[in-house]
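An overview of the molecular structure
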Amino acid sequence: MADLDYPVSLRYSRDHEWVATTDDNAVVRVGITDFAQEQLGDVVYVDLPETGDSVTAGESCGEVESTKSVSDLIAPLSGTVTEVNNALDDSPETVNSSPFEDGWMYLVELSDPAQLESLMDSEAYKELIQSEEA
């Protein structure tokens, strides 16, 4: 775990997704964490929500398939998908090599920006990971 990355500029969900906020917190970028991609192994397919889809915090909105397993992509926040990372269709392995940059999953316009307060900062997320690994 020591060599995994947990950028302090991001917020984190208990389901191992990260959220990057914008200036007004109305639209956020979502992806899976470094820990999640490491646990999955080599990602071979990503099934993302469609632009215009509504996503609900805590509910499945897609899947990430690896050589080891298939995992649900759980929406960390509720809102409407405004953009998806279509580059992952041809290069799903980008989730492994660049989970916080090129491997982002989708953008969502939040139904309520206050829900960002329900997410963890990087220190709280690191504590969660340590407790799961113990």
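Since the model is a prediction, treat every value here as computed from it, not as a measurement.

Here we look at the layout of surface pockets
Computed from the structure, the largest pocket encloses a volume of approximately 150 Å³. Residue lining of the largest pocket: Asp 15, His 16, Glu 17, Ile 32, Ala 36, Gln 39, Leu 40, Val 64, Ser 71, Asp 72 and Leu 73, and that is the complete set. Elements that contribute at least two residues to the lining of the largest pocket include exactly helix H1 (34-40) and strand E7 (70-74). Counted by class, the lining of the largest pocket contains five nonpolar, three polar and three charged residues.

What about the environment of Gly 79?
For Gly 79, the location among the structural elements is in strand E8 (residues 79-84). Between the C-alpha atom of Gly 79 and that of Val 55, which follows or precedes it by 24 residues, the distance is 5.5 Å. Here Gly 79 is in contact with Asp 53, Ser 54, Val 55, Val 108, Glu 109, Leu 110 and Ser 111, once residues within four sequence places are set aside.

Some words on the UniProt feature "modified residue: N6-lipoyllysine" (unreviewed entry) in the protein chain
The sites that carry the UniProt feature "modified residue: N6-lipoyllysine" (unreviewed entry) are, in the present numbering, Lys 68. Summarising the element assignment, Lys 68 is placed in the loop between strand E6 (60-66) and E7. With residues near it in sequence (within four places) discarded, Lys 68 still touches Glu 38, Gln 39, Leu 40 and Gly 41.

As for the sheet that holds E6
Taken together, the three strands give an open sheet; going across it, the order is E4-E6-E7, and neighbouring strands pair in antiparallel fashion. Both outer strands of the open sheet, strand E4 (43-47) and E7, are each paired with one neighbouring strand and no more. For this sheet the average axis-to-axis angle between neighbouring strands, irrespective of direction, equals 25 degrees.

Section: the nonpolar core
Grouped together as the largest cluster of nonpolar side chains are 25 residues, with contacts concentrated most on Val 28, Met 105 and Tyr 106. Of all the secondary-structure elements, those providing two or more residues to this core are strand E3 (27-32), H1, E4, E6, E8 and strand E9 (106-110). Leaving out residues up to four positions away in the same chain, Met 105 has contacts with Val 30, Gly 31, Ile 32, Val 46, Leu 48, Val 64, Leu 73, Val 84, Asn 85, Leu 88 and Val 95. With 14 residues, the next largest nonpolar core counts Tyr 6, Tyr 12, Ala 20 and Ile 129 among its residues.

As for the side chain of Asn 96
Tracing the backbone shows Asn 96 in helix H3 (residues 94-97). Looking at Asn 96, the relative accessible area reads 18%, which means it is buried. Looking at Asn 96, its side chain comes within polar contact range of the main-chain oxygen of Gly 41, at 2.9 Å. When near neighbours in sequence (up to four residues on either side) are disregarded, Asn 96 contacts Gln 37, Gly 41, Asp 42 and Val 43.

Definitions and cut-offs
Residues numbered from 1 in each chain as written. Predicted model: local features only at pLDDT ≥ 70, side-chain atom pairs only at ≥ 80, totals over all residues. Heavy atoms only, no water. 1 Å grid on protein atoms, 1.4 Å probe; cavity = no way out; pocket = protein on both sides within 12 Å on 5 of 7 lines; lining within 4 Å. Points joined across faces, edges and corners; volume = space filled by probe spheres on them. Helix = DSSP H or I, 4+ residues; strand = E, 2+ residues; numbered from the N terminus. Nonpolar A, V, L, I, M, F, W, Y, C, P; charged D, E, K, R; others polar. Contact = heavy atoms within 4.5 Å. UniProt positions renumbered as here; feature names shortened; annotations may be inferred. Pairing = 2+ DSSP bridges. Axes fitted to C-alpha atoms, helices over the stretch in contact; angles between N-to-C directions. Core = buried A, V, L, I, M, F, W, Y, C linked by side-chain atoms within 4.5 Å. Buried < 20%, exposed > 50% of the residue type's maximum accessible area, 1.4 Å probe, protein only. Polar contact = N/O pair within 3.5 Å; in protein donor to acceptor, adjacent residues only side chain to side chain.

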